[in-house]
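The residues making up each chain are set out below.
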Amino acid sequence: MIIGITSDHRGFEIKKELIKELKNKNIEIKDNGCFTPGSCDYSLYGISLAEEVAKKNITYGIAICGTGIGMSIACNKVKGIRAGLCSESFSAKMTRKHNNANVLCLGARVTGIELAKDIVKTFIEEDFEGGRHQKRIDMLEEK
């Protein structure tokens, strides 16, 4: 499993903490930027990460901005991406189980680091249920 992670300037610090946490669990990480806490555009980083996920160069993506909303919008612009904005672990569980989300979006101004770690853990450990949910995913992929 390879996890790609990206942020804008607002998500920079939480991204660094999540990278440490994932590396401690022996998960391979691809840091897609940003690489400094200076102001930058979330849209460029979100789309770049989403393209890597869509090409299957990475297994899942994690995208962080101030609220997570901008990253969610940016990532979902890429065909084949199902980015879910989660601010608690139940949503992370359900977005994997029912939506087969392949990108997790987080809001650094909304979610503390310990909760973010639990959300990420839940997201990467859950599996897609398939079944009746697959039909709905297929409908999205047709568009």
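Relevant structure appears above.
Residues numbered from 1 in each chain as written. Predicted model: local features only at pLDDT ≥ 70, side-chain atom pairs only at ≥ 80, totals over all residues. Heavy atoms only, no water.

K.L.:
Any chance you could explain helix H4 (residues 89–97) here in plain terms?
P.N.:
Each full turn of the α-helix corresponds to 3.6 residues, which orients residues three or four apart in the same direction. Within H4, the full set of buried residues consists of Ser89, Ala92, Thr95, Arg96 and Lys97. Structurally, H4 contributes buried residues whose contacts are with strand S3 (60–65), strand S4 (83–85), helix H5 (113–125) and helix H6 (132–142). Its side-chain oxygen at 3.1 Å from the backbone nitrogen of Phe90, Glu88 defines the N-terminal cap of H4. (Buried < 20%, exposed > 50% of the residue type's maximum accessible area, 1.4 Å probe, protein only. Helix = DSSP H or I, 4+ residues; strand = E, 2+ residues; numbered from the N terminus. Contact = heavy atoms within 4.5 Å. Polar contact = N/O pair within 3.5 Å; in protein donor to acceptor, adjacent residues only side chain to side chain.)

K.L.:
Would you mind showing me how to read helix H2 (residues 42–54) here?
P.N.:
Taking 1.5 Å per residue, 13 residues should reach 18 Å; H2 reaches 18 Å between its end C-alpha atoms and fits that length. Those residues of H2 that fall on the buried side of the exposure criterion are Gly46, Leu49, Ala50, Glu52 and Val53. Projected down its long axis, H2 carries its buried residues within an arc of 155°, all on one side. Buried residues in H2 make contact with strand S1 (2–7), strand S2 (28–31), S3, helix H3 (69–75) and strand S5 (103–107). (Expected span 1.5 Å × (residues − 1). Arc of directions from axis to C-beta.)

K.L.:
Which parts of the structure should I look at to understand unusual backbone geometry?
P.N.:
Here the residue pair Gly33 and Cys34 is connected by a cis peptide bond, since its omega of -5° sits within 30 degrees of zero. Counting through the fold element by element, Cys34 comes out in the loop between S2 and H2. If you check the backbone angles, Asn26 has positive phi at about 60° while not being a glycine. Within the element layout of this structure, Asn26 appears in the loop between helix H1 (12–24) and S2. You can call Asn26 exposed: its relative accessible area is 74%. Unusually for a residue other than glycine, Asn100 sits at a positive phi of about 50°.

K.L.:
In this structure, what is going on with the packing of aromatic side chains? I would like to understand it.
P.N.:
Pairs of aromatic rings are described using the distance from one ring centre to the other and the angle between the two planes. Inspection of the entire model under this criterion finds one aromatic pair. Geometrically, the ring pair formed by Tyr60 and Phe123 is edge-to-face, given 5.5 Å between the ring centres and 75° between the ring planes. Remark: Phe123 occurs in helix H5 and Tyr60 occurs in strand S3; sequence separation between them is 63 residues. Lying across the ring of Phe35, Lys15 places its NZ or CZ 5.2 Å from the centre. (Phe/Tyr/Trp six-rings, centres within 6.5 Å; stacked < 30°, edge-to-face > 60°. Lys NZ or Arg CZ within 6 Å of the ring centre and 35° of its normal.)

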